[in-house]
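Structural description and commentary
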Amino acid sequence: MDMKKHILFLAVALLLAVPSFAQNKLAMGIDQHVGIGLGGASPVVFGNTSFVVQYTFAQYFQVGAGAGLRYGVPTYSYDLTTGDKKRAFELDVPIFLRAGVKFSIVSVKVDVGYAVGLKAWALVSLKEGISRDLHYNGFFLEPHIDLGGDHNAVGVGILLQNASYLETQSNTDGGSASGSGNNVSKLLPAITLRYSRYF
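Computed from a prediction, not measured in an experiment: that's the story for all the values here.

Quick look at empty space enclosed by the protein now. Applying the stated rule across the entire model yields one cavity of 30 Å³ or more. Taken together, His 33, Asn 48, Ser 50, Arg 70, Pro 94, Phe 96, Asp 111, Phe 140, Glu 142, Leu 159 and Arg 194 make up the lining of the largest cavity. Elements with a contribution of two residues or more to the lining of the largest cavity: strand 2 (45-57), strand 5 (85-103) and strand 7 (138-148).

Take the pattern of salt bridges next. The tally for this structure, following the rule as stated, stands at nine salt bridges. The salt bridge involving Asp 31 is made with Arg 194; its shortest N-O contact spans 3.0 Å. With Asp 31 in strand 1 (residues 26-37) and Arg 194 in strand 9 (residues 176-198), this pair connects stretches of sequence that are 163 residues apart. Considered together, Asp 31 and Arg 194 belong to a single accessibility category, that of buried residues. Between Asp 92 and Arg 70 there is a salt bridge, and its shortest N-O distance comes to 3.0 Å. With Asp 92 in strand 5 and Arg 70 in strand 3 (residues 61-73), the pair connects residues that are 22 residues apart, well separated along the chain. Taken as a pair, Asp 92 and Arg 70 share a single burial class, namely buried. Three or more residues joined by partner-sharing salt bridges are found here, namely Asp 31, Arg 98, Lys 109, Asp 111, Glu 142, Asp 146 and Arg 194.

Here the focus is the pairing of strand 2. As judged from the 11 bridges shared by strand 1 and strand 2, these two strands associate in the antiparallel manner. Bridge pairing in strand 2 links Gln 32 to Thr 49. Inspection of the sheet shows strand 2 paired to strand 3 by 13 bridges, in the antiparallel sense. Its bridge partner lying in strand 3, Asn 48 is registered against Arg 70.

Most peptide bonds adopt trans geometry, and most residues besides glycine take a negative phi value. Even without being glycine, Ala 58 reaches a positive phi, approximately 50°. Structurally, Ala 58 is set in the loop between strand 2 and strand 3. Residue Gln 59 is not a glycine yet carries a positive backbone phi of 70°. Note that Gln 59 resides in the loop between strand 2 and strand 3.

Core analysis: the biggest nonpolar cluster contains 14 residues, and Ala 41, Phe 46, Tyr 136, Phe 140, Leu 159, Tyr 165 and Leu 188 have the highest contact counts within it. For this core, the elements supplying multiple residues, two or more each, are strand 2, strand 8 (152-173) and strand 9. Sequence-distant contacts of Leu 188, that is, excluding residues within four places in its chain, are made with Ala 41, Ser 42, Leu 159, Leu 160, Gln 161, Ala 163 and Tyr 165.

Calculation criteria
- Residues numbered from 1 in each chain as written.
- Predicted model: local features only at pLDDT ≥ 70, side-chain atom pairs only at ≥ 80, totals over all residues.
- Heavy atoms only, no water.
- 1 Å grid on protein atoms, 1.4 Å probe; cavity = no way out; pocket = protein on both sides within 12 Å on 5 of 7 lines; lining within 4 Å.
- Points joined across faces, edges and corners; volume = space filled by probe spheres on them.
- Helix = DSSP H or I, 4+ residues; strand = E, 2+ residues; numbered from the N terminus.
- Salt bridge = Lys/Arg side-chain N within 4 Å of Asp/Glu carboxyl O.
- Buried < 20%, exposed > 50% of the residue type's maximum accessible area, 1.4 Å probe, protein only.
- Pairing = 2+ DSSP bridges.
- Core = buried A, V, L, I, M, F, W, Y, C linked by side-chain atoms within 4.5 Å.
- Contact = heavy atoms within 4.5 Å.

Structure representation (structure tokens):
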């Protein structure tokens, strides 16, 4: 009998909480975005799907958090002389906090988080399953501008993702080439195009 009372109490509490959440504009949604690296050792391309919980208060301000799955083609080796890149395929899980402001249909937000690397493969050896070290993970920052209503929005942003890669410099001497490299870790930029759907 006590168990039924607890279940009934919980159900009533949830029903009473729904209007409160709606009034305070708590929304859950899915963010889809693709990114293209901005030259140098930046990633070639990536895609990201994230689940987000976002809360609007005082009419204009937004805070939230999210987590997702990102799949992309980062650079693991970059030659400063020739601009040649060696690429891999990588999966990681970005986890982030969000803060922003919204005026009418325009919102400006900043996502700050950490990407947890899962797995990386050599592009030429995907079928063989040869793995590589993770390169495109760690701290990230992504400011973005979105246009839309309460349920749908499109936007553009700049992702700055901490990445590690081998920086090389080729030397050509009499037709022969030699190279040496340094391991580098820095924030690399990519432009992101976004679509968000909130429920």
